[in-house]
Amino acid sequence: MRSDTRAGRLPDPPSPIADDGDAIRFCRTCAFAGACLAVGYGKPELEALHCLVEHVGPYRTGDHVFRTGDPFRAIFAVRAGTVKTSLVDREGREQVLGFYLPGEVIGLNAIYPEQFPCDAIALENAQFCRFSFPAMSALATRMPAVQQHLFRLLSKELGTASLLAGDHSADERVAAFLCDLGSRYAARGFSGTRFALSMSRGDIANYLRLASETVSRVLTRFRSQDLIALEGRQVELLDADALHRLGEGLLPG
């Protein structure tokens, strides 16, 4: 017997928007707070880093944050909204490379050759913290925690690029995608089981290297199996453990 939540309309999840913190606290989705606090750097100790931050936006749905070939001068940490990165080939075909949530950083793959190798497009109204990369690099040489965190972010970026390599079924890919989104939201203090899919089914399919119809069929099957509740773009992971077992071959260990 399904609960009322499953049978009726899903309540809207809270919008994942960063606050601005205060004189002592970082904003809730700060891309650097966790690493810095872990080694004893609070906001007062990181005044130099804070001075490098420029709040930019809002970018409207469909706006480009940067385009392929733009010169690389800064990295962007998402404060609010979601972003996709993609490439368009000579025939005009788009390849979706990834999706970025509040607290995550885009632009690290442009460090070499000092220009952005892809487009970054807002999937909904989005705001960013923009960090001057030359200034941040200079600061990182004086603050090992910042430097190490930059290396971790870059390593994660490289690891994500190979996440979908290999021979995996459509069910495995979609399950891993949902679990990955949930864990990333949860890491930022938001619900890891109830969230909005701000990306289109077509973008999800493109990213997972599947047909749009296949993604829709898998989501419908997951709903019929009571693994998820789904209404429009609102999704709830009803059996996150089962989804994780299904997608574990694609998820980080």
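Look a little higher up for the structure.
In this text, all values refer to a predicted model and were calculated from it rather than measured experimentally.

Student: Tell me about the packing of helix H6 (residues 170-187) against helix H7 (residues 201-208), and name the residues and values.
Tutor: Remark: H6 packs on H7, axes separated minimally by 11 Å, with the N-to-C direction vectors making an angle of 115 degrees. The orientation of H6 with respect to H7, classified from their angle, is roughly perpendicular. Pair H6 / H7 crosses with right-handed handedness. Only Ile 204, Tyr 207 and Leu 208 of H7 make contact with H6, whose side of the interface consists of Arg 173, Val 174 and Phe 177. In terms of residue class, the contact of H6 with H7 is made up of five nonpolar, no polar and one charged.

Student: Got a sec to walk through the sheet that holds strand E4 (residues 83-88)? Specific residues and values, please.
Tutor: Across a sheet, strands are paired by hydrogen bonds formed along the backbone, either parallel or antiparallel in direction. In space, the four strands of this open sheet follow the order E2-E7-E4-E5, with antiparallel pairing throughout. Each having just a single partner strand, strand E2 (64-66) and strand E5 (94-100) make up the two edges of the open sheet. Here the strands of the sheet are splayed against their neighbours by 30 degrees on average, with no regard to which way each runs. Pairing of E4 with strand E7 (residues 119-122) involves four bridges; the strand directions are antiparallel. If you follow Lys 84 over to E7, its bridge partner there is Ile 121.

Student: Describe the side chain of Glu 104, naming the residues involved and giving the relevant values.
Tutor: Checked against the element boundaries, Glu 104 lands in the loop between E5 and strand E6 (105-106). A polar atom in the side chain of Glu 104 sits 2.9 Å from the backbone nitrogen of Leu 101. In this view, Glu 104 contacts Phe 76, Ala 77, Val 78, Phe 99, Lys 156 and Arg 184; residues no more than four positions away in its chain are not counted.

Student: Tell me about the pattern of salt bridges, and please be specific about residues and values.
Tutor: The final tally for this structure, using the stated rule, is eight salt bridges. Taking the shortest distance from any N to any O, the salt bridge between Arg 130 and Glu 54 comes out at 2.8 Å. Taken together, the positions of Arg 130 in strand E8 (residues 126-132) and Glu 54 in strand E1 (residues 53-59) put the pair 76 residues apart, joining distant regions of the chain. Accessibility expressed as a relative area gives 40% for Glu 54, which makes it partly exposed. Lys 84 serves as the salt-bridge partner of Glu 94, at 3.0 Å between the closest nitrogen and oxygen. In this pair, Glu 94 is assigned in strand E5 and Lys 84 in strand E4, connecting sequence segments ten residues apart. Judged by its relative accessible area of 31%, Glu 94 falls in the partly exposed class. One salt-bridge network, held together by shared partners, links Lys 84, Glu 94 and Asp 203.

Cut-offs used in this document
Residues numbered from 1 in each chain as written. Predicted model: local features only at pLDDT ≥ 70, side-chain atom pairs only at ≥ 80, totals over all residues. Heavy atoms only, no water. Axes fitted to C-alpha atoms, helices over the stretch in contact; angles between N-to-C directions. Helix = DSSP H or I, 4+ residues; strand = E, 2+ residues; numbered from the N terminus. Parallel < 35°, antiparallel > 145°, perpendicular 65-115°, else oblique. Left-handed = near helix turned anticlockwise from the far one by under 90°. Contact = heavy atoms within 4.5 Å. Nonpolar A, V, L, I, M, F, W, Y, C, P; charged D, E, K, R; others polar. Pairing = 2+ DSSP bridges. Polar contact = N/O pair within 3.5 Å; in protein donor to acceptor, adjacent residues only side chain to side chain. Salt bridge = Lys/Arg side-chain N within 4 Å of Asp/Glu carboxyl O. Buried < 20%, exposed > 50% of the residue type's maximum accessible area, 1.4 Å probe, protein only.

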